[in-house]
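# Structural characterization, general
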Amino acid sequence: MSNFLKPILYFFPLLILQLTVIPLISIFGVGPNLIIITAIYYALHGGQIYGMMLGFLFGFFFDLLSGGVLGASMLSMTIAVFIAGYFYNENRVDNNTASYFFLVILFIAAFINSLIYSFAGNFNPEVRFSALLLEGALLPACYTTVIGLAVVAFKMRNGRL
Amino acid sequence: MIKNFQRLGNQFKEYVLLVVLVVVSLISISLSENPQAKKLKAFALSNFAVLSELAESGSSIFSKDVSLEELKLENAKMTLELSRLKNAALENDELRRMINMRDTSTIPLIPVRIVSKLATKIQGNYIVNRGSSSGIIKGMPVINYQGLVGLIMDVSVDYSVVRNLNNSGLNIAVTLQRSNVDGILSFDGRNLVMKNIPTTYDVKVGDRIETSDFSSLFPPSIPVGKVAKKESNELGLLHSLVVKPYASIEAASSLFVIGIVPSKQINQLEMNLLKKP
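Residues numbered from 1 in each chain as written. Chains lettered and ligands numbered in written order. Predicted model: local features only at pLDDT ≥ 70, side-chain atom pairs only at ≥ 80, totals over all residues. Heavy atoms only, no water.

## Looking at the overall build of chain A
For clarity, the cut-off: Helical segments are the DSSP runs of H or I of at least four residues, strand segments are the runs of E of at least two, and each set is numbered from the N terminus. Working definition: with a 1.4 Å probe on protein chains only, accessible area under 20% of the residue-type maximum means buried, over 50% means exposed, and in between means partly exposed. In what follows, a contact means two residues having at least one pair of non-hydrogen atoms within 4.5 Å. What sets the accessible areas is the Shrake-Rupley method with a 1.4 Å probe; for residues, cover comes only from the shown protein chains. All tallies of charge rest on Lys and Arg as positive and Asp and Glu as negative; His and the ends of each chain are not included. Each charge is placed at NZ for Lys, CZ for Arg, CG for Asp and CD for Glu.
A count of helices and strands for chain A gives eight helices and zero strands. Reading chain A from its N terminus to its C terminus gives the helix and strand order α-α-α-α-α-α-α-α. With the C-alpha coordinates of chain A rotated into their principal frame, the extents come out at 45 × 30 × 25 Å. Here chain A holds 161 residues, and 60% of them are scored as buried. Put simply, of all contacts in chain A between residues at least 6 apart along the chain, 71% involve residues at least 24 apart. When the accessible surface of chain A is totalled, it reaches about 6400 Å², and 72% of it is carbon and sulfur. The distance from the centre of the 6 positive side-chain charges to the centre of the 5 negative ones in chain A is 14 Å.

## Things to note about the overall build of chain B
Along the backbone of chain B there are five helices and 12 strands. Residues counted as buried form 48% of the 277 residues belonging to chain B. When the accessible surface of chain B is split by element, carbon and sulfur atoms take 59% of a total near 14000 Å².

## Focus on the interface of chain B and chain A
To keep things clear, this is the line we draw: Summed over both partners, buried area is the accessible surface (1.4 Å probe) that two parts give up on being assembled. Take a side-chain nitrogen of Lys or Arg and a carboxyl oxygen of Asp or Glu: if they are within 4 Å of each other, that pair is a salt bridge. Throughout this description, a polar contact denotes any pair of N or O atoms lying within 3.5 Å of each other; where both atoms belong to protein, one of them has to be capable of donating a hydrogen while the other can accept it, and for residues adjacent in sequence the pair is counted only when both atoms sit in side chains.
Taken together, the contact between chain B and chain A spans 50 residues of the former and 50 residues of the latter. Interface area, chain B with chain A, both sides summed: about 4400 Å², of which 67% is carbon and sulfur. Applying the counting rule to chain B against chain A returns one salt bridge. Taking the shortest distance from any N to any O, the salt bridge between Glu-135 of chain A and Arg-190 of chain B comes out at 2.5 Å. Where chain B meets chain A, there are six residue pairs in polar contact (both at pLDDT 80 or more). Of all the secondary-structure elements, those providing two or more residues to the side of chain B that touches chain A are α2 (13-30), α3 (35-59), β1 (109-118), β2 (123-128), β5 (160-167) and β7 (182-187) of chain B.

## A short note on the sheet that holds strand β8 (residues 192-198) of chain B
All names here are of chain B. To keep things clear, this is the line we draw: Two strands pair if DSSP finds at least two bridges between them. The angle between two axes is taken between their N-to-C directions and runs from 0 to 180 degrees, where each axis is a line fitted to C-alpha atoms and a helix contributes only its stretch in contact.
Taken in spatial order, the six strands of this closed barrel run β6-β7-β8-β11-β10-β9, and their pairing is antiparallel. Across the sheet, the mean angle from the axis of one strand to that of its neighbour is 40°, orientation sign disregarded. As defined by bridge partners, β7 adjoins β8 across three bridges and the pair is classed as antiparallel. Pairing of Phe-187 across the sheet is with Leu-192, part of β8.

## Structural notes on the side chain of His-239 of chain B
Examined against the element boundaries, His-239 of chain B turns out to sit in strand β11 (residues 238-245). Not counting residues within four places of it along the chain, the set of residues in contact with His-239 of chain B comprises Met-194, Lys-195, Asn-196, Ile-197, Pro-198, Thr-199, Lys-230, Glu-231 and Ser-232 of chain B.

## A few points about the nonpolar core
We count it as follows: Among buried residues, those of type Ala, Val, Leu, Ile, Met, Phe, Trp, Tyr and Cys that are joined through side-chain atoms within 4.5 Å constitute a nonpolar core.
Formed by 56 residues in total, the largest nonpolar core has its most connected members in Leu-15, Ile-35, Ile-36, Ile-40, Phe-58 and Phe-102 of chain A. Per-element accounting of this core gives the leading share, 10 residues, to helix α3 (residues 34-46) of chain A. Setting aside residues up to four positions removed in sequence, Phe-58 of chain A forms contacts with Pro-7, Ile-8, Phe-11, Ile-35, Thr-38, Ala-39 and Met-77 of chain A. In terms of nonpolar packing, the next biggest core, distinct from the first, is built from 47 residues, Tyr-126, Leu-148, Ile-172 and Val-181 of chain B among them.

## Points about the confidence of the model for chain B
Residue and element names in this part refer to chain B. As a reminder of what qualifies: pLDDT is a per-residue confidence score from the predictor, ranging from 0 to 100.
Per-residue confidence for chain B gives a mean pLDDT of 80, with 83% of residues at or over 70. Mean pLDDT in chain B bottoms out at helix α5 (residues 264-274), which sits at 57, and peaks at α2, which reaches 91. Prediction confidence for the complex, expressed as pTM and ipTM, is 0.74 and 0.87 respectively.

## Description of the environment of Met-77 of chain A
With respect to the element layout, Met-77 of chain A can be found in helix α5 (residues 72-84). Look past the residues within four positions of Met-77 of chain A in its chain and what remains in contact with it is Asn-33, Ile-35, Ile-36, Gly-55, Phe-58, Gly-59 and Asn-113 of chain A.

## Some points on the packing of aromatic side chains
Residues and elements named next belong to chain A. To keep it simple, the criterion reads: A pair of aromatic rings is counted whenever rings of Phe, Tyr or Trp (Trp by its six-membered ring) have centres within 6.5 Å, and the orientation is called stacked for planes under 30 degrees apart, edge-to-face for over 60 and tilted otherwise.
Overall, the coordinates contain 15 aromatic pairs over all chains when judged by the stated rule. A centroid spacing of 5.1 Å and a plane angle of 80° characterise the contact between Phe-11 and Phe-12, whose relative ring orientation is edge-to-face. Classification of Phe-12 as partly exposed rests on a relative accessible area of 29%. An aromatic cluster is present here, built from Phe-11, Phe-12, Phe-58, Phe-60 and Phe-61 joined pairwise through their rings.

## With respect to the environment of Ala-137 of chain A
Residues and elements named next belong to chain A. Relative to the helices and strands, Ala-137 is located in helix α8 (residues 129-158). You can call Ala-137 buried: its relative accessible area is 0%. For the pair formed by Ala-137 and Val-30, sequence separation is 107 residues and the distance between their alpha carbons is 9.2 Å. Sequence-distant contacts of Ala-137, that is, excluding residues within four places in its chain, are made with Phe-111, Ser-114, Leu-115 and Leu-132.

## Considering the domain arrangement of chain B
How large an interface is tends to be reported as the accessible area lost when its parts come together. Residues and elements named next belong to chain B. Let me state the cut-off plainly: Note that the domain bounds reflect an automated or database-derived domain assignment. Under the scheme applied here, ten amino acids are nonpolar (Ala, Val, Leu, Ile, Met, Phe, Trp, Tyr, Cys and Pro), four are charged (Asp, Glu, Lys and Arg), and all others, including Gly, are polar.
Domain annotation for chain B reports domain 1 (2-76) and domain 2 (109-277). Taken together, the contact between domain 1 and domain 2 spans 20 residues of the former and 23 residues of the latter. Connecting domain 1 to domain 2 are one salt bridge. One salt bridge connects Asp-154 with Lys-38, and the closest N-O pair in it is separated by 3.1 Å. At the boundary of domain 1 with domain 2, the tally comes to one residue pair in polar contact (both at pLDDT 80 or more). Breaking the side of domain 1 that touches domain 2 down by element, the ones donating at least two residues are α2, α3 and α4 (66-93). Per-element tally for the side of domain 1 that touches domain 2: the top contributor is α3, with 10 residues. Considering only residue class, the side of domain 1 that touches domain 2 consists of seven nonpolar, five polar and eight charged.

In structure tokens, the structure reads:
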């Protein structure tokens, strides 16, 4: 199977998990984002342009199928993956995805993704900036990074996903 | 000239692509309330929610119990009834005659189950397993056995999207039951807040808050929550009331759609208030 299509096939089961199982393990409405983990992982394998296209597609389907604001996730994922794409290096793919450096990249991207998503999906000007920053972005990014540990551990043991 | 543009395009192709994708995303956000976009979402939702429902039923295998669902339905009806009776008692205390009180207990309740949740702090949404085929239409209120949960925002044939209280896009006209102080309840990203309540008004922590008579989105007297905290502004003239909802929004599973069909014109006017400026 083409490596370019693989993440799209993984996306739909992950989206179901994101919308049904993740709410069960979310803490006070703060949950990890499996979609961004997948997007970042494949962006670090395929490069910035491929990652952006993937992030945009993932965001589009996420918005369409989650009941959220159409475009919010498209915007946030595209920008987050674009930034993560700066860490892409053809010669250091395994180093980037099978080491703890992946968690650093994931944290940055997840934070940017959550922050932009919170702002783009917010229609109320009275929403506290601190709430958006802390509970809308920082805590979900931390939680996503913790879940990202599983990817690193799996990669370290078994090689490519 | 064209070659120069091509060269620039090739040199900065990542940035060009980023700008294009960002512009498309921003256009999508601005058109997200467009009927065509809603139609597309409803179509996608109705197909995908089947899978979500299957996954959800697998994950909730331990909690599925028909008698429990029936008890929750009964409880929801009793919550509405209790709320109505509390109002009646207060009015009797004030020696006021009960006139034209809406009998909320006769309102049909449509039981629904959440098949997926969008777990973010700003966009609180659920997808539930009933849609227009069960008589649900956009704008119907949603409760659980504890109190108000949200509002139906999108409907497909078999599924609906509920905008819950933890959504910054939902503003609700509410009233304090004891003192009849009216206000607008909205989500500030952390708490439900009633803003700009004059400090001269009689408000106490623990006061019960319910939907107001002024709202045509929601029937009156649906319990919403209670005052958890009072915060004064700098001048001390106005309060912000932090409200703790009765319904546990994050842990909700079984809900009830109040099957009322408000006047189309009023409904349209109110729904306009929910749209982006």
